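Structural characterization, general
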Protein chains: 2
Amino acid sequence: MTTYEYPRAALTVDCVVFGVDEAGLQILLIQRGIAPFRGFWALPGGFVRIDETVEEATRRELREETAVERVHLEQFGIFDAIDRDPRERVISIASYGLVKLLDHRIKAATDAAKAAWFGADDLPRLAFDHAAIASAARKQLQSKVRSEPIGFELLPPKFKLTQLQRLYEAILDRPLDKRNFRKKVLALDLLEELEEVEEDVAHRAARLYRFDERKYRALTKGGFDFSL
Amino acid sequence: MTTYEYPRAALTVDCVVFGVDEAGLQILLIQRGIAPFRGFWALPGGFVRIDETVEEATRRELREETAVERVHLEQFGIFDAIDRDPRERVISIASYGLVKLLDHRIKAATDAAKAAWFGADDLPRLAFDHAAIASAARKQLQSKVRSEPIGFELLPPKFKLTQLQRLYEAILDRPLDKRNFRKKVLALDLLEELEEVEEDVAHRAARLYRFDERKYRALTKGGFDFSL
DNA sequence: CCAAAAGTGTTTCACTTACACCCATGA
DNA sequence: TCATGGGTGTAAGTGAAACACTTTTGG
């Protein structure tokens, strides 16, 4: 059991990094410099080293390839088709990541590896089976957002309810009723209403809110329903 | 990219096989014949070969170690702590499996490897991190059973509603109201009511039902709520 | 005063929950 | 006739969905 009868598959991680801006849900891609799929856009990712966990590998690859550092990660699937990589047998563990776009918009563009954001509905042709991975990630995000308040990971610390609503609309890909949305999200009692309001806008200033992680942790034991 | 800078982790699969009988939810374990953890009970599983998918590896290991053949499998997690295997770095992909206990009750006991069923609440001390894997599998099963009718995988083709209710009670680990359960499960319109009834029982004979996979497939696009 | 987004309640309908008794069968 | 599980309906409460106008601000 310390020697092996069989050759091993290689293990990689791939990560679908989501951000949201005015244009909706965005995904971070890198352009490959080497074959196969040279010149194609692809998900950031790479091989898992023997002395790191899967999450550590994912964070390391994101740092190296896209300079993304603060990111909420969730593993969501395994991609293991025998021929998904033409070079050799590679099994990939897929995660999605959520970042506050403003933090990362510029960094990604200035990193050595060519990285860029694309609209989630408007991805270029991707290397390997990355299109399938990205599509699975969106489905997973849609389903996860109903049972956990992960959406807040995508917003700045202070935000207005309209921003939050736009975020959920982008993720769920359907319009939500304003009054019902506010009623429900406030009823969860996870938001702290701040004194501050928006400034310098040509219309009524919006009240700002902050996600109250303390209240969330208190609620989280027992699970709850976040569906909208 | 065809040679590697870094040594590779080994990739394994582990499977939490669930069955249900009168005593409730059961889990299938094998007793280890070799070190480490010699003599301990463990989840069936083993190394993934280079020419098989993760699901194929899981099915192969189940066949080899427990003679379990017909099983509904779902991957649910990755166990990747650096030191989870004392021999070397091993990353494991965990699945749970659902079997009709009657099919497998005897086979498991007669296979070469020593295998046996244990009450899910009454597991022995397990090898490696298998206790954590089994516990995660139960949680996952509880949550999955709310969104998909996987419970039927655990029952014989023809069953009575009381059996189905006992099954859900075993999985969810709480009592359910008989009238509400029947109302809801019939309202889903996934069951075909058979002409046949139970026989040779010392009380009123129960009507038998069959899961209608056709109707399920029709409903499945759009997703639905199976919570009880 | 106009444009643009913020903010606010009520009604309807569907679903969930709680709850107790009679029925059929074999021993 | 008794013991055992099978089978049935209703009322009250909760949550989801639909829906339109007034407020505030800067230009």
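Structure report, in brief. (Residues numbered from 1 in each chain as written. Chains lettered and ligands numbered in written order. Predicted model: local features only at pLDDT ≥ 70, side-chain atom pairs only at ≥ 80, totals over all residues. Heavy atoms only, no water.)

**Regarding the nonpolar core**
Val16, Phe18, Tyr96, Phe159, Leu164, Tyr168 and Leu191 of chain A are the most contacted members of the largest nonpolar core, which has 43 residues in total. Sort the elements by how many residues they give to this core and helix 4 (residues 161–172) of chain A lands first, with 7 residues. Filtering out sequence-adjacent residues up to four positions away, Tyr168 of chain A remains in contact with Val145, Pro149, Gly151, Asp173, Leu176, Phe181, Phe226 and Leu228 of chain A. Counting 41 residues, the second-largest nonpolar core is a separate cluster that includes Leu126, Ala137, Val145 and Val185 of chain B. (Core = buried A, V, L, I, M, F, W, Y, C linked by side-chain atoms within 4.5 Å. Buried < 20%, exposed > 50% of the residue type's maximum accessible area, 1.4 Å probe, protein only. Helix = DSSP H or I, 4+ residues; strand = E, 2+ residues; numbered from the N terminus. Contact = heavy atoms within 4.5 Å.)

**Focus on a positive patch on the surface**
Judged by side-chain charge, Lys178, Arg179, Arg182 and Lys183 of chain A come together as a positively charged surface patch. Relative to the helices and strands, Arg179 of chain A is located in helix 5 (residues 178–187). (Patch = residues over 30% accessible without salt bridge, like charges linked within 9 Å, V, L, I, M, F, W, Y side chains within 5 Å. Areas by Shrake-Rupley, 256 points an atom, 1.4 Å probe, with all protein chains shown as cover. Salt bridge = Lys/Arg side-chain N within 4 Å of Asp/Glu carboxyl O. Lys, Arg positive; Asp, Glu negative; His and termini not counted. Charge placed at Lys NZ, Arg CZ, Asp CG, Glu CD.)

**Observations regarding the protein's contact with DNA strand C**
Near DNA strand C, the surroundings consist of 22 residues, among which Thr162, Lys178 and Arg207 of chain A together with Lys184 and Val201 of chain B are the closest. For DNA strand C, the backbone makes up 41% of the atoms found within 4 Å of the protein, where backbone means sugar plus phosphate. Between DNA strand C and Arg179 of chain B, the relevant distance is 3.2 Å, taken from a base nitrogen to a side-chain nitrogen or oxygen of the residue. Between DNA strand C and Lys183 of chain B, the relevant distance is 3.3 Å, taken from a base oxygen to a side-chain nitrogen or oxygen of the residue. Elements with a minimum of two residues in the surface near DNA strand C: helix 5 of chain A together with helix 5 (178–187) of chain B. For the surface near DNA strand C, the per-class residue count stands at 6 nonpolar, 4 polar and 12 charged. (Near = heavy atom within 4 Å. Polar contact = N/O pair within 3.5 Å; in protein donor to acceptor, adjacent residues only side chain to side chain. Nonpolar A, V, L, I, M, F, W, Y, C, P; charged D, E, K, R; others polar.)

**Section: the pairing of strand 2 (residues 24–31) of chain B**
Residues and elements named next belong to chain B. In terms of burial, strand 2 is largely enclosed, as 7 of its 8 residues are buried. Pairing of strand 1 (residues 10–21) with strand 2 involves 5 bridges; the strand directions are antiparallel. For Asp21, the partnering residue across the bridge sits in strand 2 and is Gly24. Examined bridge by bridge, strand 2 and strand 3 (residues 41–42) share 2 bridges and lie antiparallel to one another. Counterpart to Ile30 in the pairing with strand 3 is Ala42. (Pairing = 2+ DSSP bridges.)

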